[in-house]
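Observations on chain architecture
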Amino acid sequence: MNSQRTQNIRTVSSRLNSFHSAMYFSETVGREYAKHGLEPGVEGNLAGRSAPLGRVNAGVVSAAYYNYSHAFLSTQFPKLWDTASPETMVQARFDAVAAFMAELFDSREDIALLTEAASQVATAVEPVLANMDFSGRVLAQATADALTAHKPNTAFERLWGVATIAREFRGDGHVASLVTTGVPGIDALMLDVATGASFKPRAAQKTRGYTDEEWKAAQSRLAEAGLITVGEDERGFDLPAITDAGRDLKEQVEQLTDGTVAAAWSVLSDEEIEALVSPSRSLIKVLAQSGAFPASVFAQPAKKTS
C-alpha cells in the first residue's frame, strides 16, 4: 500500500470525522434534541447516532459503538425510544445538523469559498461511498440508508452526510481491527486518551459511562502490559501517557483499519485524494475558529482541527 496515499486517506478521513463529530459538543444541537424531550449532550447524541439502527436494545448499540460501557448503555436503551422514537430522531438529527451548519457558516464573509470547498470535497468523496461494500458494517449500512434517503439543503449539510457515512464506514472497520488485534473497547479508549491528543481522561470515562473501578482496572492492566504509564494531572487525577509499545499497538490497529477502507478509496487516484487535503483543511479551520471541540473535553482541541 502506497504510504503517501495511505497517509492522505488518513488525513482526509480524520477531517471528515471532525466535520461529522463537531456537532456532538454544540449547544445548538442540544437545544434541537431537547425539543424532543432529550437531555442535551450524551442522551441526545446517543439517540441521534443510534436512530438509524431502529428500536434496538443496549446490546446492539454497545456492540456497534464498541468503546462504551454496556452497563451504562443498558440504562439508556431502550428507554430513550420511549421519549423519542428512532424515526423522530433520524429527522431530529437532520434538523440539528442544519441548525449547526447555519450557525457555523451562514454569517461568514468567505461563505462562497467555503461552499465551493464543501461541494468539492463532497463531490470527490461520493464515488468512494458508492464503492463501499457495507457487508459486516451494521452501523455504517444503517447510517447510509438513512442519509441517502434525505435531501440536504446546503453544501455543508451535504458534506456532513458524506462525512458521516465515511466516518461510520471506517469506524466499523476500526472496530473489526480492534477485535482482530484483541484490544477491548475500554482499552482502546484508554490508549487513545493516553496519546494526549484526544479526550481528557475524566471526559472519556464520563461520556462512555465507565465506573471508577472499571476505569482504574483498565488503566492498571495497560500499565502492567507496558502500554501506558500513569502520572498525575494538575488536579491530582490519574493521567495516562502512552508508551512506545502502546503507540506500536495503535499503529498496528490503524494499519489494519487502512486495509478495511482501501478498496472503497481505490476508485480515486493518488492525485484525486491529495487534491482533497487543501479544501478539507479550509473547512476544518472553521471548526477551530468556532471552538467546536471544547478544551474542557479535549486535551488538545487543535488536534481535532488540524
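Scoring rules and cut-offs
- Residues numbered from 1 in each chain as written.
- Predicted model: local features only at pLDDT ≥ 70, side-chain atom pairs only at ≥ 80, totals over all residues.
- Heavy atoms only, no water.
- Helix = DSSP H or I, 4+ residues; strand = E, 2+ residues; numbered from the N terminus.
- Rg over C-alpha atoms; globule rule 2.2 N^0.38 Å.
- Buried < 20%, exposed > 50% of the residue type's maximum accessible area, 1.4 Å probe, protein only.
- Contact = heavy atoms within 4.5 Å.
- Areas by Shrake-Rupley, 256 points an atom, 1.4 Å probe, with all protein chains shown as cover.
- Lys, Arg positive; Asp, Glu negative; His and termini not counted.
- Charge placed at Lys NZ, Arg CZ, Asp CG, Glu CD.
- Pairing = 2+ DSSP bridges.
- Expected span 1.5 Å × (residues − 1).
- Phe/Tyr/Trp six-rings, centres within 6.5 Å; stacked < 30°, edge-to-face > 60°.
- Lys NZ or Arg CZ within 6 Å of the ring centre and 35° of its normal.
- Axes fitted to C-alpha atoms, helices over the stretch in contact; angles between N-to-C directions.
- Parallel < 35°, antiparallel > 145°, perpendicular 65-115°, else oblique.
- Left-handed = near helix turned anticlockwise from the far one by under 90°.
- Nonpolar A, V, L, I, M, F, W, Y, C, P; charged D, E, K, R; others polar.
- 1 Å grid on protein atoms, 1.4 Å probe; cavity = no way out; pocket = protein on both sides within 12 Å on 5 of 7 lines; lining within 4 Å.
- Points joined across faces, edges and corners; volume = space filled by probe spheres on them.
- Polar contact = N/O pair within 3.5 Å; in protein donor to acceptor, adjacent residues only side chain to side chain.

**What about the overall build of the chain?**
When you go through the chain residue by residue, the secondary structure sums to 16 helices and two strands. In terms of C-alpha radius of gyration, the chain reaches 19 Å, essentially the compact-globule figure of 19 Å for 306 residues. For the chain, the spread of C-alpha atoms along the three principal axes comes to 50 × 50 × 40 Å. Taking all 306 residues of the chain together, 51% fall into the buried category. Contacts in the chain between residues at least 24 apart in sequence constitute 75% of all its contacts with a sequence separation of at least 6. Accessible surface for the chain amounts to roughly 13900 Å². Of this, 51% is attributable to carbon and sulfur atoms. For the chain, the distance from the average position of its 28 positive side-chain charges to the average position of its 37 negative side-chain charges is 1 Å.

**Observations regarding the pairing of strand E2 (residues 238–242)**
Looking at chain direction, strand E1 (residues 228–232) and E2 are connected through five bridges and run antiparallel. Note that in E2 the partner of Gly 231 across the bridge is Leu 239. Hairpin connection, E1 to E2: the antiparallel pair is bridged by five residues, and Gly 236 has positive phi, about 90°.

**Focus: helix H16 (residues 277–290)**
Between its terminal C-alpha atoms H16 stretches 20 Å, which fits the 20 Å expected from 14 residues at 1.5 Å a residue. Where H16 is concerned, the buried positions are Val 277, Pro 279, Ser 280, Leu 283, Ile 284, Val 286 and Leu 287. On its buried face, H16 sits against helix H1 (3–21), helix H7 (86–105), helix H8 (111–130), helix H10 (155–181) and helix H15 (270–274). Of the residues flanking the end of H16, it is Gly 291, one or two places downstream, whose phi is positive at about 70°.

**Things to note about the packing of aromatic side chains**
Within the structure shown, the criterion is met by ten aromatic pairs. Judged by centre distance (5.5 Å) and plane angle (85°), the ring pair of Phe 134 and Phe 169 falls under edge-to-face. Taken together, the residues Phe 134 in the loop between H8 and helix H9 (138–148) and Phe 169 in helix H10 connect sequence positions 35 residues apart. Like Phe 169, Phe 134 is buried. For the pair Phe 199 and Phe 298, a centre-to-centre distance of 4.8 Å together with 25° between the ring planes defines the contact as stacked. Of this pair, Phe 199 sits in the loop between helix H11 (185–194) and helix H12 (201–208) while Phe 298 is found in the segment after H16, placing the two residues 99 residues apart along the sequence. Members of the aromatic cluster, connected to one another through ring pairs, are Phe 25, Phe 199, Phe 293 and Phe 298. Directly above the ring of Phe 169 sits Arg 137, whose terminal nitrogen or CZ lies 3.7 Å from the centroid. The ring of Phe 237 has Arg 202 lying over it, and the distance from NZ or CZ to the ring centre is 5.3 Å.

**Re the packing of H7 against H10**
Orientation of H7 relative to H10, taken along the N-to-C sense of each, is 120°, at an axis distance of 9 Å. By the angle between their directions, the pair H7 and H10 is classed as oblique. Helix-helix and strand crossings are classified by hand; for H7 and H10 the assignment is right-handed. Contacts from Arg 93, Val 97, Ala 98, Met 101 and Phe 105 in H7 reach Phe 156, Glu 157, Trp 160 and Thr 164 in H10. Residues of the contact of H7 with H10, tallied by class, amount to six nonpolar, one polar and two charged.

**Some remarks on the layout of surface pockets**
Each pocket or cavity is described by its volume, and for the second largest pocket that value is around 310 Å³. Taken together, 17 residues make up the lining of the second largest pocket; nearest its centre are Leu 147, Thr 148, Gly 161, Val 162 and Ile 165. Mapped onto the lining of the second largest pocket, the elements with two or more residues apiece are H7, H8, H9 and H10. Broken down by element, the lining of the second largest pocket gets its largest block of residues, six residues, from H10.

**Thoughts on the environment of Trp 81**
With respect to the helices and strands, the residue Trp 81 is situated in helix H6 (residues 79–83). Among the residues examined, Trp 81 registers a relative accessible area of 2% and is labelled buried. Along the chain, Trp 81 and Ser 62 lie 19 residues apart, while their C-alpha atoms are 16 Å from each other.

**Digging into the side chain of Ser 69**
Tracing the backbone shows Ser 69 in the loop between helix H4 (58–65) and helix H5 (70–74). A distance of 3.3 Å separates the side chain of Ser 69 from the backbone nitrogen of Ala 71, its partner in a polar contact. Leave out the neighbours within four places in its chain, and Ser 69 touches Arg 208, Gly 209, Tyr 210 and Glu 214.

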